[in-house]
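Residue-level structural notes
Each chain, letter by letter, is given below.
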Amino acid sequence: MTVPNQVSDDRAARIDLADPAFWQLPRPERLSAFARLRQLEAPVLFTPRPGTARTSGKPFYALVRHADVLTASRTPKVFASAPGVTTPEPAGWAKALFGNSMVNMDGPEHAALRRIISRRFTPRLLAATEENIGRLAGRLVDEMIAERPGDFMPSAASRLPLEVICDLMGIPGEHRPRIAAQIDHASEHVGVERRGRARLRIPGRGLASLAMMQLVMARLARERRRRPQDDLVSALVRADIEGEGLSSRDLGAFFSLLLVAGVETTRNAIAHGLFLLDRHPEQRELLRSDFDRYIGGAVEEIVRHSTPIIQFRRTVVSECELGGRTFLPGEKVALLYASANRDESVFTRPDLFDITRSPNPHLGYGGGGPHHCLGAHLARLEMTALYRELLTRRTVIRRTGDPKLVDSNFDNRVGSLPFTLDSAVTCTARSQRRIR
C-alpha cells in the first residue's frame, strides 16, 4: 500500500484493502478502517500481492469519501465501467459466450440498452407489479408463520425478490426452483477468497449456472416471440437497438443481471433491515406506531446502514484531478459505497441507525449518473411490502441470533439469520392497518 504525502498515521498505514484478510475482519473494524482512510489527504493506492487468490493483480485507488464516489459515478467519460466493474474483470471469452452485462458498458451502447429497458417499465407494468408485490408479501409471511422455519434467509427474504422478478419477467412456475438454485450458485462466491482447487472449480460452477439461466431465458424468449404476453420478456423481444432486435445473448445477459443482482441485493437488504429493527427496538416501535409515515425513511436508512453492494470498480480513461490526487489513464479506482455511506462530512452520527434521518443522500443504489441502480424503485416496493407484513401483524418475527455474514469484498451478504415468531404481542390499532 502506498500512503500519499508521507502520512504518519501508523494505523492507516497498516490498512490493506487488497489483502483478502482485511475482508475477513469484523464489519465494525472494516468501517473503522474506512473512517481512518477518509481522514487522509488523498486516495490511497493498494497493490495486491503476487499470487493472491481473490484479486486480478491490478493496483487500485480507494475512493472512500462521499464526494469523491459521487463525482466518479457522475463522470463516466473519465471513470469508465468498461472493461468491468468487478474484480477480477470478466474475461473476453466469457463476454463473447454469455454477452456483456450492462453494468460493464459505457457510452452509446449502454445508453441505448438502458433506454430500451427503462421504456418497458411502463406505468401500467409498475402498477401491476406493486399490487402483485403486496399480495406476494402477504402470502409468503402467511406461509412463514405456518411453516415456522428457523432461518429467515431461504424463506421470505429470498423468496419475495425471486418471485417478484420471475412474475415480472413471466418465468413459468416450474422453472423457478431451478432458477433459484442457479442464482445461489452464480453469486455465492463473488468477492470471496478462493483457495486451491476451488479457484478453478468455483468459477466454472458459477459460469455453468449463468449458462443454465441463459438457456431458460433463450427458450422463454423464443416462446414469447411466437406468443407474446403482458410481461417484460415479451416487451423486450420486440425491442430494437439501432434497428436490430435484441439477440438471445443480449437478453440472457440482461436477465442474468436482473435475476442475480435483483434477488441477491434485495434479500440482503431485507435481512439487514430485520436485524437492525430488532436490534434497535425503539426504532422498530416508532415504525410500527405509524408505518406509512416512517417506512420511506426506514427503507433508505436500512440501505444506507447496510450498503448491500460494498464497491464497484472504474477505469480511468483521461487525466483528471479528484480528492487531492491526479489520476492517469489506465489506472483503476474502487468506489467504496460502504465508506461513502458513513462519511462524517455528510451524515451526522453516521454509525447511528435512525429511520428519521433527513436528508439521507446515501449511495446505496450507486452515486447517480448513467449506472444508477435500475431496480431501486422495485427494491423499495419489496422492502416496504414485506416490512408491512412483518411489523403490522399480531405474530411478530424476532431474531434469535446475529446474522452470519459471508466474507466478501463485493457485497454485504447475509448467509443466515436465525429467527423465531412471537404470537404474544398485541399491536396497536394503527399498526394493525394493512394495505394489500
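Residues numbered from 1 in each chain as written. Predicted model: local features only at pLDDT ≥ 70, side-chain atom pairs only at ≥ 80, totals over all residues. Heavy atoms only, no water.

1. Some remarks on the overall build of the protein chain
A tally of regular secondary structure across the protein chain gives 15 helices and 13 strands. Within the protein chain, residue pairs in contact and separated by at least 24 positions form 73% of the contacts whose partners lie at least 6 positions apart. (Helix = DSSP H or I, 4+ residues; strand = E, 2+ residues; numbered from the N terminus. Contact = heavy atoms within 4.5 Å.)

2. What about the packing of aromatic side chains?
Counting across every chain of the model gives nine aromatic pairs. When the centroid spacing of 5.2 Å and the interplanar angle of 90° are considered together, the rings of tyrosine 61 and phenylalanine 327 count as edge-to-face. Taken together, the residues tyrosine 61 in strand β2 (residues 60-63) and phenylalanine 327 in strand β8 (residues 325-327) connect sequence positions 266 residues apart. Just as tyrosine 61 is buried, phenylalanine 327 falls in that class too. Measuring from ring centre to ring centre gives 5.8 Å for phenylalanine 152 and phenylalanine 419, while their planes differ by 80°; the resulting arrangement is edge-to-face. With a gap of 267 residues between them, phenylalanine 152 in the loop between α6 (123-147) and α7 (153-169) and phenylalanine 419 in strand β13 (residues 419-422) connect regions that are remote in the sequence. A relative accessible area of 5% places phenylalanine 419 in the buried class. Ring pairs connect the aromatic residues Phe22, Trp23 and Phe34, which therefore count as one cluster. (Phe/Tyr/Trp six-rings, centres within 6.5 Å; stacked < 30°, edge-to-face > 60°. Buried < 20%, exposed > 50% of the residue type's maximum accessible area, 1.4 Å probe, protein only.)

3. Quick word on helix α5 (residues 107-120)
One full turn of an α-helix is made of 3.6 residues, so residues set three or four places apart face in the same direction. Between its first and last C-alpha atoms α5 spans 20 Å; for 14 residues at 1.5 Å apiece the expected length is 20 Å, and the two agree. His110, Ala112, Leu113, Arg114, Ile116 and Ile117 are the residues of α5 that are buried. (Expected span 1.5 Å × (residues − 1).)

4. Some words on the pairing of strand β6 (residues 311-316)
When you tally the buried positions in β6, you get five out of six residues, the bulk of the element. For strand β3 (residues 79-80) and β6, the ladder comprises two bridges, and the chain directions are antiparallel. Of the residues in β6, the one forming a bridge with phenylalanine 79 is valine 316. In terms of strand pairing, β6 meets strand β9 (residues 332-336) through five bridges, oriented antiparallel. (Pairing = 2+ DSSP bridges.)

5. Things to note about the confidence of the model for the protein chain
Here the protein chain averages 85 in pLDDT, and 85% of its residues register 70 or above. The low-confidence segment residues 194-204 (pLDDT under 50) makes 10 contacts with residues lying over four places distant or belonging to another chain. The low-confidence segment residues 424-436, where pLDDT is below 50, has 28 contacts with residues more than four positions distant or belonging to other chains. (pLDDT = per-residue confidence, 0-100.)

6. A look at the nonpolar core
Counting 78 residues, the largest nonpolar core has Phe152, Met169, Leu232, Phe255, Leu287, Leu386 and Tyr387 as its most contacted members. The greatest single-element share of this core, amounting to 14 residues, is contributed by helix α11 (residues 248-279). Ignoring sequence-local partners within four residues, the contact set of phenylalanine 152 consists of Met144, Ala157, Ile270, Ala271, Leu274, Leu386, Leu390, Ile397, Leu417 and Phe419. Listed in part, the 19 residues of the second largest apolar core include Leu17, Val44, Val64 and Ala334. (Core = buried A, V, L, I, M, F, W, Y, C linked by side-chain atoms within 4.5 Å.)

7. Re a positive patch on the surface
On the surface, Arg178, Arg219, Arg222 and Arg225 cluster together into a positively charged patch. Here the positive patch gets three residues from one element, more than from any other, and that element is helix α9 (residues 198-226). Summarising the element assignment, arginine 219 is placed in helix α9. Accessibility expressed as a relative area gives 46% for arginine 219, which makes it partly exposed. (Patch = residues over 30% accessible without salt bridge, like charges linked within 9 Å, V, L, I, M, F, W, Y side chains within 5 Å. Areas by Shrake-Rupley, 256 points an atom, 1.4 Å probe, with all protein chains shown as cover. Salt bridge = Lys/Arg side-chain N within 4 Å of Asp/Glu carboxyl O. Lys, Arg positive; Asp, Glu negative; His and termini not counted. Charge placed at Lys NZ, Arg CZ, Asp CG, Glu CD.)

8. Things to note about α11
The terminal C-alpha atoms of α11 lie 46 Å apart, and with 32 residues this matches the ideal 46 Å at 1.5 Å per residue to within 8%. Counting buried positions along α11 yields 25 of 32 residues, so the element is predominantly enclosed.

9. Comments concerning the sheet that holds β2
The sheet built from five strands is open, its strands ordered β1-β2-β9-β6-β3 with mixed pairing. A strand with exactly one partner marks an edge of an open sheet, and here the two such strands are β1 (44-46) and β3. In this structure, β2 lies alongside β9, joined through three bridges in parallel fashion. Counterpart to leucine 63 in the pairing with β9 is leucine 335. Where helix α3 (residues 66-73) meets the sheet, its contacts fall on β2, β3 and β9, and the angle it forms with β9 comes to roughly 120°. (Axes fitted to C-alpha atoms, helices over the stretch in contact; angles between N-to-C directions.)

10. Structural notes on the environment of tyrosine 387
Of note, tyrosine 387 is situated in helix α15 (residues 376-391). Residues tyrosine 387 and alanine 137 lie 250 residues apart in sequence; the distance between their C-alpha atoms is 8.7 Å. Engagement of the side chain of tyrosine 387 in a polar contact is seen with the backbone oxygen of isoleucine 270, the distance being 2.9 Å. (Polar contact = N/O pair within 3.5 Å; in protein donor to acceptor, adjacent residues only side chain to side chain.)

11. Focus on the environment of glutamine 311
Examined against the element boundaries, glutamine 311 turns out to sit in strand β6. Judged by its relative accessible area of 5%, glutamine 311 falls in the buried class. Linking glutamine 311 and asparagine 409, residues 98 residues apart in sequence, is a C-alpha distance of 7.4 Å. Among all residues touching glutamine 311, those that are not within four sequence positions of it are Trp23, Ala334, Leu335, Leu336, Tyr337, Asn409 and Phe410. For glutamine 311, the side chain forms a polar contact with the side chain of arginine 313, separated by 3.0 Å.

12. What about the packing of α7 against α11?
Between α7 and α11, the least distance of the axes is 9 Å, while the angle of their chain directions is 145°. Along this stretch, α7 crosses α11, giving a crossing that reads as right-handed. Every residue of α11 that contacts α7 at Met153, Ala157, Ser158, Pro161, Leu162, Ile165 and Met169 is listed here: Phe255, Leu258, Leu259, Gly262, Val263, Thr266, Arg267, Asn268, Ile270 and Ala271. Across the contact of α7 with α11, the residue classes break down as 12 nonpolar, four polar and one charged. (Left-handed = near helix turned anticlockwise from the far one by under 90°. Nonpolar A, V, L, I, M, F, W, Y, C, P; charged D, E, K, R; others polar.)

13. Some thoughts on the side chain of serine 158
Summarising the element assignment, serine 158 is placed in helix α7. At a separation of 2.5 Å, a polar atom in the side chain of serine 158 contacts the main-chain carbonyl oxygen of methionine 153. For serine 158, the contacting residues outside a window of four places in its chain are Met153, Val263 and Arg267.

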